Amino acid sequence: MKYLRFICYIINMIPESHPRRKSLLLREKLIEGYKKGLVCDSGLIAQGRGEAFDYLIGERTRNPARKAIRAAAAALLLATHPVISVNGNAAALAAEDIGKLAEELGCAVEVNLFYRTQGRVERIGAHLKKSGVKQVLGVHDADARIPELNSERRKVSRKGIYGADCVLIPLEDGDRCEALVKMGKRTIAIDLNPMSRTARKAHITIVDEFTRAIPLLTGEVRRLKEKDAAYLKAILKRYRNKKVLEDMRKLVYL
Ligand code: PTJ
């Protein structure tokens, strides 16, 4: 209750007319997540990095990102075993929307952390469940290891990321993205930095702010669900990630 009052206080402190209100409210969400022990301290710095790129692209979803979202929806629908990987930032920013996407796809969500502690994994798992995510993996079942990866992110669930054929990886580090690609998994990144190693290594990169991208992706999955496999495959065949990244980079430089 005390915390709810604090959040209301913050929301009122940022005037409706403030041009960067949405961005400031997202900061508060992350700070709230940090205080609850979901987000790690570096997570706050990561958000700042993301904000800088978001500022440069006009804090809105640009056309190349929309193309990537469409391709990502097609890839997730074509997959036989898609999994959504979630870290502290993603959970704090958009747990409910992650739940809606997972529901639409009928897939599991797996907690996978760079700064992994069992306590934080459990808190994130509980937060996701409370926010409506039905199948949460990676909490007590990180029983497999991603080969050639030394970070804590190598710890994955056999039933989840390890066995997946398509993985959605928001706010990722380049090492794991590369390792997942090497394992033969179709990899979809959400990363505001079009120059990051993750952005360049993933098969499909959505260069957009995570909380904007997830509902758009869910909407696209809903729309494309009615289409047959040939239609979805044609979307993927036409898709060029390099070109999408190039187009996003041009927008950043303007
Ligand atoms: O919760 P953990 O322990 O797994 O740790 C997570 C962090 C975020 C600390 C870890 O993954 C990390 O170090 O991330 P990076 O490399 O600082 O940031 C990953 C990328 O995400 C960067 O390229 C940022 O620009 C981008 N990014 C940050 N916030 C957002 C974002 N992209 C989309 N939406 C955001 N809100």
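If you're wondering where the values come from, they're calculated on a predicted model, not measured in any experiment.

1. Some words on the domain arrangement of the protein
Domain boundaries in the protein define domain 1 (2-56) and domain 2 (63-253). Listed as interface residues are 18 residues of domain 1 and, on the opposing side, 18 residues of domain 2. Regarding the contact of domain 1 and domain 2, the summed buried area is about 1,600 Å², with carbon and sulfur atoms giving 61% of it. For domain 1, the biggest contributors to the area lost against domain 2 are L38, F53 and D54; these three give 39% of the whole. One can count 1 salt bridge joining domain 1 with domain 2. Residues D54 and R212 are paired through a salt bridge, measuring 2.8 Å at the closest nitrogen-oxygen approach. Seen at the junction of domain 1 and domain 2, the total is 6 residue pairs in polar contact (both at pLDDT 80 or more). Sorting the residues of the side of domain 1 that touches domain 2 by element identifies helix 2 (21-35) and helix 3 (41-56) as the ones contributing at least two each.

2. Some words on the pairing of strand 6 (residues 166-170)
The side chains of a regular strand alternate between the sheet's two faces. Within strand 6, 5 of the 5 residues are buried, which leaves it mostly tucked inside the rest of the structure. Alternating positions in strand 6 separate into two faces, C166, L168 and P170 on one and V167 and I169 on the other, with burial throughout. The pairing of strand 1 (residues 82-86) with strand 6 spans 3 bridges and is classified as parallel. Bridged to P82 within strand 6 is C166. Bridge count between strand 6 and strand 7 (residues 186-190): 5 bridges; the pairing is parallel. Bridged to L168 within strand 7 is I188. Between strand 6 and its parallel partner strand 7, the chain crosses via helix 7 (residues 174-182), and the hand of that crossover is right-handed.

About the cut-offs
Counting from 1, residues in each chain are numbered in the order their sequence is written. In keeping with the predicted nature of the model, local features appear solely for residues at pLDDT of at least 70, side-chain atom pairs appear and are counted solely at 80 or more, and the whole-chain, interface and lining totals rest on all residues. Side-chain calculation: all heavy atoms of the structure are included, whereas hydrogens and water are not. Where each domain begins and ends follows an automated or database-derived domain assignment. Pairs of residues are marked as contacts when any of their non-hydrogen atoms sit within 4.5 Å. As a working definition, buried area equals the accessible area (1.4 Å probe) given up by two parts on being put together, with both sides summed. Between Lys or Arg on one side and Asp or Glu on the other, a salt bridge is scored when a side-chain nitrogen of the former is within 4 Å of a carboxyl oxygen of the latter. A 3.5 Å cut-off defines polar contacts: any pair of N or O atoms within that distance qualifies, except that in protein one atom must be a possible hydrogen donor and the other a possible acceptor, and neighbouring residues in sequence count only when both atoms are side-chain atoms. To qualify as a helix, a DSSP run of H or I must reach at least 4 residues; to qualify as a strand, a run of E must reach at least 2; elements of each kind are numbered from the N terminus. Relative accessible area decides the class of each residue, using a 1.4 Å probe on protein chains only: under 20% of the type maximum gives buried, over 50% gives exposed, and in between gives partly exposed. Here a strand pair is declared whenever DSSP counts at least two bridges between the two strands. With strands facing away from the observer, any crossover in which the path from the first strand over the helix to the second runs clockwise is taken as right-handed.

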